[in-house]
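Spelled out, the chains give:
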Amino acid sequence: MSLLEVVDLSAAYGPIQVLHGISLTVDAGEVVVVLGANGAGKTTALRAISGLVAAKGELRFDGVSILGRHPESIAHRGVSHVPQGRGTLAGLTVDENMRLGAYSRRDREGIAADLAEWYDTFPPLAKRRSQTAGTMSGGEQQMLAVARSLMSRPRLLLLDEPSLGLAPLVTKQLFETLATVNRERGIAMLLVEQNAALALELAARGYVLEAGEIVASGTAENLSRDGEIRKAYLGR
Amino acid sequence: MRGRALGIGTRAGAALLTVGVLAWLPQYYGATDTALFAKAIYIAIAALGLNLLTGYNGQVSIGHGAFFGFGAYATAILMNDHGWDFLATLPVVAVASFVVGAAVGFPALRVKGLYLALITLGLAALFPDLVTKYVHGTGGTTLVQPPLPTSPGWAQGFAPNDDQWRYYLALTIGIVMFILAWNLVRGRFGRALLAVRDHDAAASTIGIDLARIKVGSFAISALYAGIAGSVGVMVTGLANAGRVETFQLSINFLVAVVIGGTATVLGPVVGAWTFVFLERATQDLFPDQALLSPAIFGVALILLLFALPDGIVGGARRTGRFARRKLQARRAPRAPDFPSPIREDRQ
Ligand SMILES: Nc1ncnc2c1ncn2[C@@H]1O[C@H](COP(=O)(O)OP(=O)(O)OP(=O)(O)O)[C@@H](O)[C@H]1O
Ligand SMILES: [Mg+2]
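Residues numbered from 1 in each chain as written. Chains lettered and ligands numbered in written order. Predicted model: local features only at pLDDT ≥ 70, side-chain atom pairs only at ≥ 80, totals over all residues. Heavy atoms only, no water.

Participant: Explanation requested: the site of ligand 1 in the structure shown.
Facilitator: Residue and element names in this part refer to chain A. In the vicinity of ligand 1, 14 residues are found, and the nearest of them are G39, G41, K42, T43 and T44. A distance of 3.0 Å separates an oxygen atom of ligand 1 from a polar atom in the side chain of N38. In the model, an oxygen atom of ligand 1 is placed 2.6 Å from a nitrogen or oxygen of the K42 side chain. Here the element with the most residues in the shell around ligand 1 is helix α1 (residues 42-50); it accounts for four residues. By residue class, the composition of the shell around ligand 1 is four nonpolar, seven polar and three charged. (Near = heavy atom within 4 Å. Polar contact = N/O pair within 3.5 Å; in protein donor to acceptor, adjacent residues only side chain to side chain. Helix = DSSP H or I, 4+ residues; strand = E, 2+ residues; numbered from the N terminus. Nonpolar A, V, L, I, M, F, W, Y, C, P; charged D, E, K, R; others polar.)

Participant: Where do I start with unusual backbone geometry in this structure?
Facilitator: It is generally the case that most residues other than glycine have a negative phi and that most peptide bonds are trans. All names here are of chain A. For D8, which is not glycine, the phi torsion reads 50° and is therefore positive. Along the chain, the position of D8 falls in strand β1 (residues 4-13). Phi at R153 is positive, roughly 50°, even though this residue is not glycine. Looking at the secondary structure, you find R153 in the loop between α6 (138-150) and β7 (156-160). Judged by relative accessible area, R153 falls into the partly exposed class, the value being 43%. (Buried < 20%, exposed > 50% of the residue type's maximum accessible area, 1.4 Å probe, protein only.)

Participant: Would you mind going over the sheet that holds strand β6 (residues 79-82) of chain A with me for this structure?
Facilitator: Two strands in a sheet stick together by hydrogen bonds in their backbones, pointing the same way (parallel) or opposite ways (antiparallel). All names here are of chain A. Across the sheet, which stays open at both edges, the six strands sit in the order β6-β7-β8-β3-β9-β10 with mixed pairing between neighbours. Because the sheet does not close on itself, it has two edges, and the strands there are β6 and β10 (213-219). Averaged over all pairs of adjacent strands, the angle between strand axes in this sheet comes to 15°, irrespective of strand direction. Direction of pairing for strand β3 (residues 31-36) relative to strand β9 (residues 205-210): parallel, over a ladder of five bridges. Note on β9: the bridge partner recorded for V33 is G206. Packed on one face of the sheet, α6 meets β6 and β7 and runs near 170° to β6. Where helix α7 (residues 168-185) meets the sheet, it contacts β3, β7 and β8 (188-192), and its direction lies at approximately 155° from that of β8. (Pairing = 2+ DSSP bridges. Axes fitted to C-alpha atoms, helices over the stretch in contact; angles between N-to-C directions. Contact = heavy atoms within 4.5 Å.)

Participant: Before we go on, may I ask you to explain the coordination of the magnesium ion (ligand 2) in this structure?
Facilitator: Any two of four tetrahedral donors ideally make an angle of 109.5 degrees at the metal, while pairs among six octahedral donors ideally make 90 or 180 degrees. Distances from the magnesium ion (ligand 2) to its protein donors, T43(A) (OG1) and Q84(A) (OE1), fall within 1.8 to 2.2 Å. Note that T43(A) is positioned in helix α1 and Q84(A) in the loop between β6 and α3 (94-101), a separation of 41 residues in sequence. (Donors = N, O, S within 2.8 Å, 3.2 Å for Na, K, Ca; no water.)

Participant: Explain the packing of helix α11 (residues 267-283) of chain B against helix α12 (residues 292-307) of chain B here, please?
Facilitator: Residue and element names in this part refer to chain B. α12 packs onto α11 with a crossing angle of 140° between their chain directions and a minimal axis gap of 8 Å. Taken as axis vectors, α11 and α12 run oblique relative to one another. Considering the relative orientation of α11 and α12, their crossing is right-handed. Residues T274, F275, L278, E279, T282 and Q283 of α11 form the contact with α12, whose own contacting residues are S293, I296, F297, A300, L301 and L304. Taken together, the residues of the contact of α11 with α12 break down into seven nonpolar, four polar and one charged. (Parallel < 35°, antiparallel > 145°, perpendicular 65-115°, else oblique. Left-handed = near helix turned anticlockwise from the far one by under 90°.)

Participant: Looking at this structure, how should I read the confidence of the model for chain B?
Facilitator: As a general rule, the predicted coordinates of low-pLDDT regions are not to be interpreted in detail. Residues and elements named next belong to chain B. Averaged over every residue, the pLDDT of chain B is 87; the share at 70 or more is 93%. By mean pLDDT, helix α13 (residues 311-331) is the weakest element of chain B at 81, and helix α9 (residues 210-236) is the strongest at 96. In the predicted structure, residues 333-347 sits below a pLDDT of 50 and forms two contacts with residues beyond four places in sequence or in another chain. (pLDDT = per-residue confidence, 0-100.)

Participant: Would you mind going over the nonpolar core with me for this structure?
Facilitator: Note on soluble globular proteins: their nonpolar side chains tend to be buried together. In terms of nonpolar packing, the biggest core is built from 81 residues, with I45(B), Y167(B), I208(B), Y224(B), I227(B) and V231(B) touching the most fellow members. It is helix α2 (residues 31-56) of chain B that contributes the most residues to this core, 16 residues altogether. Discounting chain neighbours no more than four positions away, the residues touching Y167(B) are L22(B), L25(B), P26(B), T34(B), F37(B), A38(B), I41(B) and W273(B). W118(A), L144(A), A147(A) and L166(A) belong to the second largest nonpolar core, which has 44 residues in total. (Core = buried A, V, L, I, M, F, W, Y, C linked by side-chain atoms within 4.5 Å.)

Now the structure itself:
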């Protein structure tokens with residue numbers, strides 16, 4: 001049984017149908033990437049999974065249906081969503097953001113330990129604990145968004161274009177960190193990414209979303225060898 | 001929460017000094033002024049609660065005079081008709097206002113911003129009618145005037161007059177309510193309030209139950225307004241819910257929050273005292289011109305907000321941060337905090 005099972009999921013904004021029955025799975029501890037052009041519905045798919053957008057079809061996390069549940073209840077089960085474009089709380093400090101990440105946890109010592117660990121992993125955040133999140137650079141805010149999600153000890157991380165607006169070097173570091181987190185903590189990830197080359201390195205498997213439908217899927221290796229995918233997403 | 005600049009020692013010292021001054025006031029000033037100080041205290045209590053709702057949680061209410069009135073009548077009626085002790089009415093008022101606040105907060109979940117403000121305005125409009133219908137006070141009016149607490153024998157040393165004793169009661173309640181509010185905003189609940197205000201989608205994916213936080217902040221702010229109403233009765237000796245009074249109080253609370261500084265713990269308290277004193281200072285300027293004093297009071301408020309757009313506490317904080325940076329710069333000249341706008345690769 002997969003950790004996340006999405007079967008024939010559809011979603012719409014009012015009358016506009018955006019997802020036309022997509023199916024995908026993420027196993028425990030696995031990293032899966034979703035590729036797709038602008039407007040394909042990638043963000044919508046992640047929103048549907050985390051409960052921010054109403055959806056039809058089947059949606060199971062750890063064997064239990066989470067379709068139609070509130071976002072907070074899905075979060076409590078261990079799904080953490082890092083939204084596209086800095087989902088940090090701009091008016092709060094870095095530290096407050098981090099502590100909010102652990103909102104559904106009650107284990108004080110565990111929270112303190114994780115806080116120390118993630119500050120260790122993301123040194124620029126440690127230096128800026130009392131800085132207001134909104135005044136940080138885009139890259140720092142993206143780091144904060146990821147670190148805050150990790151504070152919830154998720155079992156599945158939904159990452160929506162974490163490299164958006166980051167310098168190539170910073171992107172590379174971020175992906176290395178994600179790989180380490182995945183390896184050491186066994187946190188599964190469903191990753192939406194424009195930087196297909198890096199994403200396919202990190203991921204074990206992938207899906208290609210086009211106009212709200214899954215048009216291709218396979219192991220990362222096979223996808224990066226596929227001629228059309230190379231042309232469309234790898235630019236060569 | 002943000003400006004954790006002053007050390008614990010400095011803060012504790014400042015708090016002790018403030019409490020000391022507040023305790024000394026009725027020793028020096030007479031009954032009229034003491035009543036004014038007590039008014040500042042009960043407005044501060046209501047503003048503390050409203051700040052949780054409006055400042056921290058972003059839900060604007062211009063109807064909290066209704067919850068104030070609810071607390072005032074509950075205390076007045078329990079004391080007057082049922083012979084309760086003033087202090088004994090407080091827990092009842094707290095629970096009842098909390099429940100009524102939650103009941104109002106639930107439908108308020110569906111509306112935001114201006115619409116919410118209008119609904120709360122409706123609450124302030126409705127409340128006097130409810131009182132007229134259900135309260136039968138002295139001589140067919142809706143005024144209830146309960147017997148007030150008097151200074152007990154053991155307090156004769158520091159509060160020989162009843163108005164002094166009532167001031168000290170109000171002050172004690174105010175301090176307790178302040179400490180509670182301070183603890184609330186410093187922790188998990190305070191962070192959740194701000195998260196829901198700033199970014200509700202992000203808050204919900206973090207695991208914050210939006211409905212619970214929004215209704216909860218409504219209920220807690222109503223509790224504060226209710227307790228403020230009880231203290232108001234104890235100070236003025238009167239529960240009254242005229243239409244004008246209910247509106248006026250609602251606005252007063254909001255003004256206290258805004259001029260003090262929204263989403264700061266100290267703001268509403270500073271705002272309430274400033275408000276009461278400005279009102280008092282402008283009151284008797286022109287005894288024969290009834291409209292001139294309120295106009296000058298209004299202009300004073302506008303000027304205040306013009307000079308300090310984020311309130312007195314917000315402004316003080318900004319100045320403090322600025323001064324500290326200057327001091328540090330003088331002590332140890334160092335590279336600027338922000339990288340130079342010219343990128344290295346272009347040089
Ligand atoms: N709130 C909304 N209301 C109406 N339409 C929306 C809304 N959000 C997205 N859409 C539409 O749904 C479609 C899919 O959007 P989505 O954000 O899921 O795309 P995406 O694949 O994430 O694109 P990108 O790579 O640009 O982030 C787009 O056509 C978009 O215009
Ligand atoms: Mg997107």
